[in-house]
Amino acid sequence: MKEVQEFLKSAGVYYLATVDNNKPKVRPFGTAEIFEDHLYIQTGKSKDVYKQILNNPYVELSAFKDGKWIRVEGKLISDDRVEAKKDMLDKNPSLRGMYNENDDNTIVLYFESGKATIYSFTEEAKVIEF
């Protein structure tokens, strides 16, 4: 899981795919942190992406870096605990201008189960289950 998080963070931006009315929706994200042995992301409850995840918690994300790309698939679970939100915001202080662990909008989500595959044109794909 640490390798997955490091890849996503070093890429800087990854793209999260959800489903909305049977149509794919993709948008850039940047948060990827490990808390209590789970890989977490963060968003706002008021955003469409969160509503889409509530309707269908199975997502996929992808990032590209240094000739390699990663695909992560799994089921996201909402974690509304202040401790989890604070951990995310403390590790990503640039978000504090928009989010606060005590507001009614901030939400963090973790992969209940996930599978990451790191691909390259020159190496065998590497699968990481977490």
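**Observations regarding the packing of aromatic side chains**
- Within the structure shown, the criterion is met by 7 aromatic pairs.
- Relative to Phe130, the ring of Phe111 lies with its centre 5.9 Å away and its plane at 75°, an arrangement referred to as edge-to-face. Here Phe111, found in strand β7 (residues 106–120), pairs with Phe130, found in the segment after β8 (126–129); they are 19 residues apart in sequence, far enough to count as distant.
- Accessibility expressed as a relative area gives 21% for Phe130, which makes it partly exposed.
- Put simply, the rings of Phe64, Trp69, Tyr119 and Phe121 touch in pairs and so form one group of aromatic residues.
- Over the ring of Phe7 we find Lys65, and its NZ or CZ is 5.7 Å from the ring centre.

**So, unusual backbone geometry**
- Unusually for a residue other than glycine, Glu36 sits at a positive phi of about 50°.
- Its place among the elements puts Glu36 in the loop between β3 (33–35) and β4 (38–44).
- In the Ramachandran plot, Asp37 falls in the positive-phi region, its phi being about 65° despite a non-glycine side chain.
- Among the structural elements, Asp37 can be located in the loop between β3 and β4.
- Accessibility expressed as a relative area gives 65% for Asp37, which makes it exposed.

**Describing helix α1 (residues 2–11)**
- Buried residues of α1: Val4, Gln5, Phe7 and Leu8, and no others. Relative to the axis of α1, the buried residues are bounded by an arc of 160° and lie together on one face.
- Once α1 ends, the next one or two residues include Gly12, with phi positive near 90°.

**Overview of the pattern of salt bridges**
- Summed over all chains, the structure comprises 14 salt bridges.
- Measuring nitrogen to oxygen at the nearest pair gives 3.0 Å for the salt bridge that ties Lys45 to Asp80. One end of the pair, Lys45, is in the loop between β4 and α2 (48–55); the other, Asp80, is in the loop between β6 (68–79) and α3 (82–91), and 35 residues separate them in sequence.
- The class of Lys45 is partly exposed, set by a relative accessible area of 24%.
- When its relative accessible area of 42% is taken as the criterion, Asp80 is described as partly exposed.
- A single network of salt bridges, built from pairs that share partners, joins Lys86, Asp90, Arg96 and Glu101.

Thresholds, definitions, all that
- Every chain's residues receive numbers from 1 upward, in the order its sequence appears when written.
- At least 70 in pLDDT is required for a residue's local features to be given in this predicted model, at least 80 for side-chain atom pairs to be given and counted, and no such filter applies to totals for whole chains, interfaces and linings, which use all residues.
- Note that the side-chain values use all heavy atoms of the structure and ignore hydrogens as well as water.
- The rule is short: rings of Phe, Tyr and Trp, with Trp giving its six-membered ring, pair when the centres are within 6.5 Å, and they are stacked under 30 degrees, edge-to-face over 60, tilted in between.
- Helix and strand definitions here come from DSSP, where helices need a minimum of 4 consecutive H or I residues and strands a minimum of 2 consecutive E residues; each element is numbered from the N-terminal end.
- Only protein chains enter the accessibility calculation, which uses a 1.4 Å probe; a residue whose area is less than 20% of its type maximum is buried, one above 50% is exposed, and one in between is partly exposed.
- In this analysis the charged atom, NZ for Lys or CZ for Arg, is taken to sit over a ring once it is within 6 Å of the ring centre and within 35 degrees of the ring normal.
- In this description, one arc is meant: the one made by directions from the helix axis to the C-beta atoms.
- Salt bridge, as used here, is a side-chain nitrogen of Lys or Arg placed within 4 Å of a carboxyl oxygen of Asp or Glu.

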